[in-house]
Amino acid sequence: MATLVLDNGAYSAKIGFSQERVRVIPNCQFRSKTSRLKTFTANQLDEIKDPSGLFYILPFQRGYLVNWDVQRKVWDHLFGKEMFKVDFADTSVIITEPYFNFSSIQESMNEILFEEYQFQSVLRTNAGSLSAHHFFSSRPSELCCLLVDGGFSFTHIIPYCRSKKMKEGIRRVNVGGKLLTNHLKEIISYRQLHVMDETHVINQVKEDVCYVSQQFFKDMEISQMKGEENTVVRDYVLPDSAPSKKASASLGRRWCSAGNIGIQEMGIPEAIVHSIQSLPEEMHAHFFQNIVLTGGKHLVPRLQGTFGGGA
């Protein structure tokens with residue numbers, strides 16, 4: 001029997017059969033301003049010639065699956081002949097769900113996967129648990145690890161001991177990739193050109209040029225320099241259809257912390273300490289030694305050095 005693994009994230013879905021290549025695909029639908037009558041699903045985004053002004057139709061809101069119509073259409077596309085050609089009669093599925101998921105959402109997911117798609121078996125788990133399983137499998141001598149799961153809507157801190165999740169130590173920071181993209185849209189719109197409707201374009205800008213500063217004030221000084229001495233500021237070429245007469249916009253290449261953008265939330269280092277201190281003292285050193293980063297938000301360059309633990 002085949003096993004299909006689906007990391008059903010709020011922004012992207014990571015899907016593939018076990019031991020085979022994984023594909024990362026948008027977990028949403030799109031409408032384009034140039035093709036308003038047509039709805040694009042998942043990786044059909046590649047068919048859109050004009051990436052500006054895209055309208056997102058998301059199955060997730062505030063980190064939880066609420067729009068089942070959109071989610072079904074995405075799954076139909078992923079499981080269908082255009083993608084993975086799933087033989088449901090001979091396939092089990094491992095699918096991720098949010099931490100502390102609502103029972104009503106879990107029941108709906110079970111019903112759809114069993115009754116509509118007719119998978120032979122279903123395992124619901126957290127994305128972090130899969131990363132922790134990989135960590136302990138590759139490092140059998142380790143007893144503990146602290147997982148920092150940075151997703152689209154939230155960042156979770158989850159301690160694991162011998163592959164078991166320690167719920168009393170879980171902490172959530174209400175900052176994710178979506179909030180950071182929205183903040184970058186506001187900065188650029190206020191300072192240079194209006195891009196509040198350009199979520200797709202600005203999200204790509206974020207992924208291409210933003211990084212975590214290890215010496216914030218020094219980088220700010222460098223950003224004020226002129227010529228080749230300025231290694232921070234980058235010219236970013238926008239799509240031809242972007243709402244600007246200029247071909248490019250000079251964007252400050254820096255990453256702001258939550259404290260700098262007026263959010264009343266703990267920073268990730270503070271949340272890590274808060275989580276570990278809630279656990280037995282004799283375990284603290286093991287958790288500080290093994291900090292594991294997972295989730296799309298942690299692909300930002302120079303982030304791993306911020307924590308200094310294992311990854």
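Let us look at the structure shown here. (Residues numbered from 1 in each chain as written. Predicted model: local features only at pLDDT ≥ 70, side-chain atom pairs only at ≥ 80, totals over all residues. Heavy atoms only, no water.)

A short note on the overall build of the protein
1) Next: Tallying secondary structure elements over the protein gives 9 helices and 17 strands in all.
2) Next: Counting over 311 residues, the protein shows a buried share of 47%. (Helix = DSSP H or I, 4+ residues; strand = E, 2+ residues; numbered from the N terminus. Buried < 20%, exposed > 50% of the residue type's maximum accessible area, 1.4 Å probe, protein only.)

Concerning the side chain of Ser275
1) Next: Within the element layout of this structure, Ser275 appears in helix H7 (residues 268–277).
2) Next: On the accessibility criterion, Ser275 (0% relative accessible area) is buried.
3) Next: Residues contacting Ser275, with those up to four places away along its chain left out, are Leu146, Ile157, Pro159, Gly169 and Arg171. (Contact = heavy atoms within 4.5 Å.)

Regarding the packing of aromatic side chains
1) Next: In total, this model carries 16 aromatic pairs according to the counting rule given.
2) Next: Centroid distance Phe88 to Tyr117: 5.6 Å. Interplanar angle 40°. Geometry classified as tilted. Taken together, the residues Phe88 in the loop between helix H1 (68–79) and strand S9 (91–96) and Tyr117 in the loop between helix H2 (103–116) and strand S10 (121–125) connect sequence positions 29 residues apart.
3) Next: On the basis of relative accessible area, Tyr117 is assigned to the buried category, the value being 8%.
4) Next: Here Phe88 and Phe119 contribute two aromatic rings whose centre-to-centre distance is 5.0 Å and whose plane-to-plane angle is 90°, an arrangement assigned as edge-to-face. A residue pair is termed long-range when its members are at least 10 positions apart, and Phe88 in the loop between H1 and S9 and Phe119 in the loop between H2 and S10 qualify at 31 residues.
5) Next: Among the aromatic residues, those joined into a ring-pair cluster are Trp68, Trp75, Phe79, Phe88, Tyr117 and Phe119.
6) Next: In this structure, Arg172 packs its charged tip against the face of Phe154, placed 4.0 Å from the ring centre. (Phe/Tyr/Trp six-rings, centres within 6.5 Å; stacked < 30°, edge-to-face > 60°. Lys NZ or Arg CZ within 6 Å of the ring centre and 35° of its normal.)

Let's talk about the pattern of salt bridges
1) Next: Applying the stated rule across the entire model yields 4 salt bridges.
2) Next: Between Lys14 and Asp7 there is a salt bridge; the shortest N-O distance is 3.7 Å.
3) Next: Note that Arg124 is salt-bridged to Glu97, the shortest N-O span being 3.0 Å. Residue Arg124 is found in strand S10, and its partner Glu97 is found in the loop between S9 and H2; the two are separated by 27 residues along the sequence.
4) Next: Among the residues examined, Arg124 registers a relative accessible area of 27% and is labelled partly exposed.
5) Next: Glu97 gets classed as buried once you look at its relative accessible area, which sits at 11%. (Salt bridge = Lys/Arg side-chain N within 4 Å of Asp/Glu carboxyl O.)

Considerations on the sheet that holds strand S1 (residues 2–8)
1) Next: With mixed pairing, the 5 strands of this open sheet are ordered in space as S3-S2-S1-S9-S10. Each end of this open sheet is capped by a strand with a single partner; those strands are strand S3 (23–26) and S10. Taken pair by pair, the neighbouring strands of this sheet meet at an average axis angle of 20°, ignoring direction.
2) Next: As judged from the 5 bridges shared by S1 and S9, these two strands associate in the parallel manner. (Pairing = 2+ DSSP bridges. Axes fitted to C-alpha atoms, helices over the stretch in contact; angles between N-to-C directions.)

Notes on the environment of Val66
1) Next: Following the sequence through the fold, Val66 ends up in the loop between strand S8 (64–65) and H1.
2) Next: The spacing of Val66 and Ile105 is 39 residues in sequence and 7.8 Å in space, taken between C-alpha atoms.

Topic: the packing of helix H4 (residues 177–191) against helix H5 (residues 199–209)
1) Next: Where H4 meets H5, the closest approach of the two axes is 9 Å, and the angle between their N-to-C directions is 100°. It follows that H4 is roughly perpendicular to H5 by the angle criterion. Touching Gly177, Leu180, Thr181, Leu184, Lys185 and Ile188 of H4 are Thr199, Ile202, Asn203, Val205 and Lys206, all from H5.
2) Next: For the contact of H4 with H5, the class distribution of residues is 5 nonpolar, 4 polar and 2 charged. (Parallel < 35°, antiparallel > 145°, perpendicular 65-115°, else oblique. Nonpolar A, V, L, I, M, F, W, Y, C, P; charged D, E, K, R; others polar.)

Side note on the environment of Asp69
1) Next: Along the chain, the position of Asp69 falls in helix H1.
2) Next: Overall, Asp69 belongs to the exposed group, its relative accessible area being 52%.
3) Next: For the pair Asp69 and Pro59, spaced 10 residues apart in the sequence, the C-alpha separation amounts to 7.8 Å.

Quick word on the nonpolar core
1) Next: Counting residues in hydrophobic clusters, the biggest one holds 39 residues, and the most contacted among them are Trp75, Leu78 and Phe79.
2) Next: Of all the elements, H1 adds the most residues to this core, at 6 residues.
3) Next: When residues no more than four places from it in sequence are discounted, the contact partners of Phe79 are Leu4, Leu6, Ile15, Phe84, Lys85, Val86, Phe88, Tyr117 and Phe119.
4) Next: With 17 residues, the next largest nonpolar core counts Leu146, Val173, Leu180 and Leu279 among its residues. (Core = buried A, V, L, I, M, F, W, Y, C linked by side-chain atoms within 4.5 Å.)

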